[in-house]
Structures are given as structure tokens and as C-alpha cells.
Amino acid sequence: MQRMATMDGVDDMGEAPTAPPGIDVAPVTDWLIANIEGVAAPFTFELIAGGRSNLTYRVTDATGRRLVLRRPPLSHVLASAHDMGREHRIISALRDTPVPVPTALGMCTDTYVNGAPFYVMDFVEGSILTSPSLVDAKFDEAARRTIAEDLVDVMVEIHAVDIDAVGLGDLARREGYIARQLKRWSGQFEASQQQQRDTGIEVSDYGLPATYELLAARIPEQGPAAIAHADYRIDNTMIGDDAHVAAVLDWELCTLGDPLADVGAFIMYWHDPHHPQPVVDTFSVTSMPGFPTREELIARYAERSGRDLSSLPYYLAFAHWRMACIMDGVRARFAAGAMGDAESDADADLVTSITTAADRAAAALADL
């Protein structure tokens, strides 16, 4: 017997579809029907990305149409990093620019619907390249170079957007981006250090306060403000079968600021055989044959953007310092969760990664 869904998402046999945590099926179904044109209940929901970042669900309607729903984590870590309205506004503003983004379809601010704000966008076909086996299966060496070059070209397009023309001129303060970031992440680091001390675990400052002082004293002059994605890397994009960027994802940290901070972070994550393994080894796919070197990507960005990259070592140092601060916050949250024996190895790995990131920040500053 075929089951038919009503407006509240319950089928005619009285059974509600199941969904992963973070989705209240009946009210979300009602909202989708009322606000997204052309969809049909019932819907299925599948969590496709989550954790400490915003939660991302694939939503499939009765006709097979696929959408994507984004909502904050079930337990907030940093409230300012989980502003659904901000994400929705950004991708809506970029829709008619050369920057590839999913089409924003609707925004729900009524927390009674799903316990937190959420937005819905079109599903984009493609691959998120997080494993060598996936790259090997889909892209030959020539295609890998195309992917890398297009990643750089899209970053250039992001930084070339006229922020006033697209309505993002008031998204954030334009000036003093690095100084604001240093203050923010230094404060987060101090808070996570105190949290660890309160938990009774061994604490090290990894030399990060000293590096902070050097970074604060050497901030390069910022040019005109641009959109700063703030987490632009290969696995935060959807790559189409044509080896071009089909969509840039994860705009949750986006603000206005210094575009070279994006370049520094992008290069930090880019691993090739001539440079050490990244602190976060998820991105080791870029060391596979066919992907260009860091130097080639830096040269391409400089040529395509026209920007002077002589101060790039500073931004690479900042990227590593910020990564160390972020990972120390992760360690603090592990500690607050009363780590058991199964998590002791994870803590040791975190300490190693934080130490490595801190050391690389100091080394990059030495190259200035």
C-alpha cells in the first residue's frame, strides 16, 4: 500500500518519517511546504556534515528533488560563528556574481519550528575532496591541476566582489581586520586555557602569547576591505565533474577584511611534497600527483589578483597561530567532557598538533 504524506509530514498510516538529531520532522515539513516553491511531502533528512560546525542535512522530497538545510550545532560552541541569517544573507548576495554558490531558497528565524534558525538552499552536484581514493576515482592528473587553478581563480573572484554593489557593505567593520582577529582568538585562547586549568589537566601556552605580541606589532597595512571567507580550502568547496568549483561552501566565518588572510590560510592547508604535512592532515589530497605546488598557486593568485604578496609569510604565521588557538579550544572542550581512556590518544594528538601549529607560526614570522 502506497503511503501518502499530510502537511505535517505524517503519512496516512499515522507514522512520522524518522530524522537525525536536529530535525523536528513535522514542523519542518510544514515550513518547507509553506515556504519552498514546488516541493512535495514527505521528506527524508540525512545528516551529511556536522560536529562542532554548523549541521548540514540533505533533504529529499517525494519527487526526488534534493535540497540542503543548514542549522547551528546542537550544542553551541561560539555563538557568533553560527549565525544562520548571516550565512543566508551572504550566499543570497553572491548569487549573481562570478562566485559559485548554492541558490538560497528560504530562511526560518522562528525557533519554534526547529529549535534554532535554519536556512534552505539548492543541492549542488559534485564532490568534496577529502580522500585520495575519491580523487583517484574521479580526477586524473590534468584534472587535478584544473581543480587547483580554479580554486585560486574563485578565491580571486571572492576578493573582487564589490561589497557595496551586492549589499554587503555593512556586513562588518572594514578596517583593522587582523587586529580584530588577533583580539578575538587571543581571548578565546585565554578562555580555553582557564577552562583546562579548571578541569585539572596539564596546560601549556605553546609560546602563543609571545607570537601574539609579534603578530600584533607587525600587522601589514590593510588595503581596501574585501569579502574574507575565513575558511577557504579545498574541502570547503564542491568540485564538479568538470574539475571546476561548483559551489563554495561553509560561509559561517565570513566577514569583511583583509583578503590576504584567506590566501595565508589556503596555503597553510595546501600540502605538497616540498612542504611539511599540514597540521590538519585531512587535506593531504593536494600532495597527490597532478596538484601544483604552493609556489605555483601563490604566483597564480598574485597574477590574477594583482595584489602584492610580499607579506604572505605574515599571513601564513597568522593562519597557523589562529589554528593553534582553535585547536586549544577543542582540547578544552574535550577536557570539559571528562575524557575517558578512549580519548587520551585524541588529547595527545591535539597537543602535538597545537605544538606544531604554534612552532610553524613562529617559523613563518622568522621569514619576514
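This one's a predicted model, so the numbers in the text were calculated from it and none came from an experiment.

Chemist: It is not clear to me how the overall build of the chain should be interpreted in this structure. Could you clarify?
Modeler: Counting its secondary structure elements, the chain contains 11 helices and nine strands. Sorting the 368 residues of the chain into buried and exposed places 48% on the buried side. Of the contacts made within the chain by residues no fewer than 6 positions apart, 67% connect residues no fewer than 24 positions apart.

Chemist: It is not clear to me how unusual backbone geometry should be interpreted in this structure. Could you clarify?
Modeler: Backbone phi values are negative for most residues with the exception of glycine, while trans is the configuration of most peptide bonds. Omega for the peptide link from A41 to P42 comes to 5°, which places this bond in the cis form. One can find P42 in the loop between helix 1 (25–35) and strand 1 (44–49). In this structure, A230 is a non-glycine residue whose phi angle is positive, near 75°. Positioned with a positive phi, A243 is a non-glycine residue whose angle comes to about 70°. Along the polypeptide, A243 turns up in the loop between strand 7 (237–239) and strand 8 (245–248).

Chemist: Help me understand the nonpolar core in this model?
Modeler: Within soluble globular proteins, side chains that are nonpolar tend to cluster in buried spots. Counting 84 residues, the largest nonpolar core has I147, I227, W251, F266 and W321 as its most contacted members. Not counting the four nearest positions on each side in its chain, W321 is found in contact with Q181, L182, W185, S186, L208, T211, Y212, L215 and A361.

Chemist: I would appreciate a short explanation of the sheet that holds strand 2 (residues 55–60) in the present structure.
Modeler: Paired through backbone hydrogen bonds, the strands of a sheet run either parallel or antiparallel to each other. Strand order in the open sheet formed by five strands is 1-2-3-5-4, and the pairing between neighbours is antiparallel. Strands at the two margins of the open sheet, each flanked by one partner only, are strand 1 and strand 4 (104–108). Neighbour to neighbour, the strand axes of the sheet diverge by 25° on average, direction disregarded. As paired strands, strand 2 and strand 3 (residues 66–71) are joined by six bridges and run antiparallel to one another. When the sheet's bridge partners are listed, T60 is paired in strand 3 with R66. Sitting on the sheet, helix 2 (residues 84–93) is in contact with strand 3, strand 4 and strand 5 (118–122), with an inclination near 160° to strand 4.

Chemist: Looking at this structure, how should I read the pattern of salt bridges?
Modeler: Any two side chains of opposite charge can pair, on the condition that their charged atoms come close. Considering all chains together, one arrives at 19 salt bridges under this definition. In this structure, E149 and R145 form a salt bridge, with 3.5 Å as the shortest nitrogen-oxygen distance. You can see E149 and its partner R145 sitting in helix 5 (residues 141–160), four residues apart, about one turn around the helix. What makes E149 partly exposed here is its relative accessible area of 24%. Between R300 and D153 there is a salt bridge; the shortest N-O distance is 2.9 Å. Here R300, found in helix 9 (residues 294–305), pairs with D153, found in helix 5; they are 147 residues apart in sequence, far enough to count as distant.

Chemist: Explain the packing of helix 5 against helix 8 (residues 259–269) here, please?
Modeler: Two quantities define a packed helix pair, namely the angle between the axes and the distance from one axis to the other. Axis separation between helix 5 and helix 8 bottoms out at 10 Å; the angle between their running directions is 160°. Taken together, the axes of helix 5 and helix 8 lie roughly antiparallel to each other. In this structure, the crossing between helix 5 and helix 8 has a hand that is right-handed. On the side of helix 5, the interface is formed by L151, V152, M155 and H159, while helix 8 contributes P259, D262, V263 and F266. Per-class residue counts for the contact of helix 5 with helix 8 are six nonpolar, one polar and one charged.

Chemist: Looking at this model, I keep getting lost on the packing of aromatic side chains. Mind explaining?
Modeler: What characterises a pair of aromatic rings is the spacing of the ring centres plus the angle enclosed by the ring planes. Throughout the structure, instances matching the rule amount to eight aromatic pairs. Ring geometry for W31 versus F118: centroids 5.0 Å apart, planes at 75°, classification edge-to-face. Pair noted here: W31 is in helix 1 and F118 is in strand 5, with a separation of 87 residues, a long-range link. The class for W31 is buried, based on a relative accessible area of 10%. Taken together, a centroid distance of 5.5 Å and an interplanar angle of 80° make the contact between Y314 and Y315 edge-to-face. Taken individually, Y314 and Y315 each receive the classification buried, so the pair is uniform in this respect. Among the aromatic residues, those joined into a cluster by ring pairs are Y232, F266, W270 and F291. Against the face of Y269 rests R233, its NZ or CZ located 5.0 Å from the ring centre.

Chemist: I'm lost on helix 7 (residues 208–217) in this one. Help?
Modeler: Those residues of helix 7 lying buried are L208, T211 and L215. Summarising the axial view, the buried residues of helix 7 lie within an arc of 60°, below the 170-degree limit, and thus occupy one face. In this structure, helix 7 carries E213 and A217 as exposed residues pointing more than 90 degrees from its buried face.

Chemist: Please clarify how empty space enclosed by the protein should be interpreted in this entry.
Modeler: Here the idea is plain: a probe the size of a water molecule rolls over the atoms and shows the empty space left. Overall, the coordinates contain two cavities of 30 Å³ or more when judged by the stated rule. Lining the largest cavity, in full, are Y177, A230, A261, D262, A265, F318, A319 and R322. If you list the elements that add at least two residues to the lining of the largest cavity, you get helix 8 and helix 10 (312–336). Of the residues assigned to the lining of the largest cavity, the class counts are six nonpolar, no polar and two charged.

Parameters at a glance
- Residues numbered from 1 in each chain as written.
- Predicted model: local features only at pLDDT ≥ 70, side-chain atom pairs only at ≥ 80, totals over all residues.
- Heavy atoms only, no water.
- Helix = DSSP H or I, 4+ residues; strand = E, 2+ residues; numbered from the N terminus.
- Buried < 20%, exposed > 50% of the residue type's maximum accessible area, 1.4 Å probe, protein only.
- Contact = heavy atoms within 4.5 Å.
- Core = buried A, V, L, I, M, F, W, Y, C linked by side-chain atoms within 4.5 Å.
- Pairing = 2+ DSSP bridges.
- Axes fitted to C-alpha atoms, helices over the stretch in contact; angles between N-to-C directions.
- Salt bridge = Lys/Arg side-chain N within 4 Å of Asp/Glu carboxyl O.
- Parallel < 35°, antiparallel > 145°, perpendicular 65-115°, else oblique.
- Left-handed = near helix turned anticlockwise from the far one by under 90°.
- Nonpolar A, V, L, I, M, F, W, Y, C, P; charged D, E, K, R; others polar.
- Phe/Tyr/Trp six-rings, centres within 6.5 Å; stacked < 30°, edge-to-face > 60°.
- Lys NZ or Arg CZ within 6 Å of the ring centre and 35° of its normal.
- Arc of directions from axis to C-beta.
- 1 Å grid on protein atoms, 1.4 Å probe; cavity = no way out; pocket = protein on both sides within 12 Å on 5 of 7 lines; lining within 4 Å.
- Points joined across faces, edges and corners; volume = space filled by probe spheres on them.

Spatial relationships are all this shows, so hold off on functional conclusions.
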